[in-house]
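Each chain, written out:
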Amino acid sequence: MAGNWKMYKTPAETRAFFEAFRPLVQAASPCEIVICPPFPDLPAAVESARGTRVLVGAQNLYWAKEGAFTGEVSGPMIHATGATHVIIGHSERRQYFGETDETVLKKTVAALDASLTPIVCVGERLEHRESGQTEAVLCEQCQKGIAGLEAQQFAKIVIAYEPVWAIGTGKTATPEMAAEAHRMIRAEMRRHFGEKAAGEVRILYGGSVKPDNVKSLMAQPEIDGVLVGGASLDAVSFARIVSFPS
Ligand code: PEP
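Residues numbered from 1 in each chain as written. Predicted model: local features only at pLDDT ≥ 70, side-chain atom pairs only at ≥ 80, totals over all residues. Heavy atoms only, no water.

What follows is about the overall build of the chain. The number of helices and strands found in the chain is 11 helices and 8 strands. Its C-alpha radius of gyration of 17 Å places the chain within 12% of the 18 Å reference for a compact globule of 246 residues. With the C-alpha coordinates aligned to their principal axes, the bounding extent of the chain is approximately 45 × 45 × 35 Å. Within the chain, the fraction of its 246 residues that count as buried is 54%. Here the chain carries 25 positive and 28 negative side-chain charges, and the mean point of each set is 3 Å from the other. (Helix = DSSP H or I, 4+ residues; strand = E, 2+ residues; numbered from the N terminus. Rg over C-alpha atoms; globule rule 2.2 N^0.38 Å. Buried < 20%, exposed > 50% of the residue type's maximum accessible area, 1.4 Å probe, protein only. Lys, Arg positive; Asp, Glu negative; His and termini not counted. Charge placed at Lys NZ, Arg CZ, Asp CG, Glu CD.)

This part covers the environment of G123. Relative to the helices and strands, G123 is located in the loop between β5 (117-122) and α6 (126-130). With relative accessibility at 8%, the residue G123 sits in the buried group. Taking the C-alpha atoms as reference, G123 lies 14 Å from E188; in sequence the two are 65 residues apart.

Before going further, it helps to examine the side chain of N4. Residue position: N4 is located in strand β1 (residues 2-4). Since its relative accessible area comes to 5%, N4 is described here as buried. Among the polar contacts made by the side chain of N4, one reaches the side chain of H90 at a distance of 3.4 Å. Other than its neighbours up to four places away in sequence, N4 contacts C36, Q59, I87, H90, L227, V228, G229 and S232. (Polar contact = N/O pair within 3.5 Å; in protein donor to acceptor, adjacent residues only side chain to side chain. Contact = heavy atoms within 4.5 Å.)

A word on the site of the ligand. Contacts to the ligand come from 14 residues, most closely from K6, E162, G168, S208 and G229. Within the contact set of the ligand, an oxygen atom lies 3.1 Å away from a side-chain nitrogen or oxygen of N4. For the ligand, an oxygen atom lies 2.8 Å from a polar atom in the backbone of S208. When the free accessible area of the ligand is taken as 290 Å², the share hidden by the protein chains comes to 97%. (Near = heavy atom within 4 Å. Areas by Shrake-Rupley, 256 points an atom, 1.4 Å probe, with all protein chains shown as cover.)

To continue, consider the packing of helix α7 (residues 134-145) against helix α9 (residues 175-200). In the contact formed by α7 and α9, the axes pass within 10 Å of each other and the chain directions differ by 40°. Judged by the angle between their axes, α7 and α9 are oblique. The way α7 lies across α9 gives a crossing that is right-handed. In contact with T134, E135, L138, C139, C142 and Q143 of α7, α9 contributes A181, M184, I185, E188, M189, R191 and H192. Residues belonging to the contact of α7 with α9 are distributed by class as follows: 7 nonpolar, 3 polar and 3 charged. (Axes fitted to C-alpha atoms, helices over the stretch in contact; angles between N-to-C directions. Parallel < 35°, antiparallel > 145°, perpendicular 65-115°, else oblique. Left-handed = near helix turned anticlockwise from the far one by under 90°. Nonpolar A, V, L, I, M, F, W, Y, C, P; charged D, E, K, R; others polar.)

Before going further, it helps to examine the sheet that holds strand β8 (residues 225-228). Whenever strands of a sheet pair, they do so through backbone hydrogen bonds, lying parallel or antiparallel. Around the barrel, 8 strands lie side by side as β1-β2-β3-β4-β5-β6-β7-β8; this closed barrel has parallel pairing. Ignoring which end each strand starts from, the neighbouring axes of this sheet average 30° apart. The sheet contact formed by strand β7 (residues 202-206) and β8 spans 3 bridges and is parallel. Its bridge partner being in β8, Y205 is matched across the sheet by V226. Where α9 meets the sheet, its contacts fall on β5, β6 (158-161) and β7, and the angle it forms with β7 comes to roughly 160°. (Pairing = 2+ DSSP bridges.)

To continue, consider the packing of helix α1 (residues 11-25) against helix α11 (residues 235-242). When two helices pack together, their arrangement is given by the angle between their axes and by how far apart the axes lie. Running from N to C, α1 and α11 cross one another at 30°; their axes reach a closest spacing of 9 Å. On the basis of the axis angle, α1 is roughly parallel to α11. The crossing of α1 and α11 is right-handed. On the side of α1, the interface is formed by F17, A20, F21, L24 and V25, while α11 contributes A235, V236, F238, A239 and V242. Grouping the constituent residues of the contact of α1 with α11 by class yields 10 nonpolar, no polar and no charged.

Moving on: unusual backbone geometry. With a phi close to 50°, K6 is a non-glycine residue in the positive phi region. Residue class for K6 comes out buried when judged on its relative accessible area of 19%.

Time to look at the nonpolar core. One finds F21, I146 and I159 to be the most contacted residues of the largest nonpolar core, which totals 66 residues. F21 has contacts with I33, I35, V54, A235, F238, A239 and V242, leaving out every residue within four places of it along the chain. Counting 10 residues, the second largest nonpolar core, distinct from the first, contains I119, V158, L204 and L227. (Core = buried A, V, L, I, M, F, W, Y, C linked by side-chain atoms within 4.5 Å.)

Set out below in structure tokens:
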């Protein structure tokens, strides 16, 4: 269960979130919880999460280890903060910052080289869905952005299916639509990495997940977890999401 804070919260607000969140998730279901704040909040988040089952991730990285790349942050730098995960290829990065399937692959390899778990995002835009291209788009993103990994690298990634039309819009894919897309992604992964590896990779659903719809999404066997934007910013709401079975 992963939270993407996007460009929200200062370090002080991060500490305040964890003060409220920690007691609420003490007894939550035994799922893995990851919170991905903006870069400047990573040290505060790691410190606040110490001694809890909550892990911390970044929202992006650059593929070089270091160098003359003004404004960029590398995998080893993120790892040194104590963060364990990194989101790669979020649709907002693809849409506003020119990320492509090719850069997604380079970033995924860089994350793994830095011992970070990449959460690799794929998803179709509204026009793709409306013109019946969902499967083709997902397969292409998987082929170019993920299939270039070696088998032992693939075993360490998490995939997030995030239909672009459902992100931040309040429009959630129905559980059946999400499950169908997850099956398409898993089938494509099976073609590249075989039955066992494709069966084991975790695929999260993301797109307007809220406390009120998480249970029906998670009831789909194809959905292994969720990636949550807006609803992860509030401690009570994200705690309700990660505690969904109760
Ligand atoms: C996201 O940012 O990955 C996301 C799914 O956002 P939201 O939950 O706000 O739609």
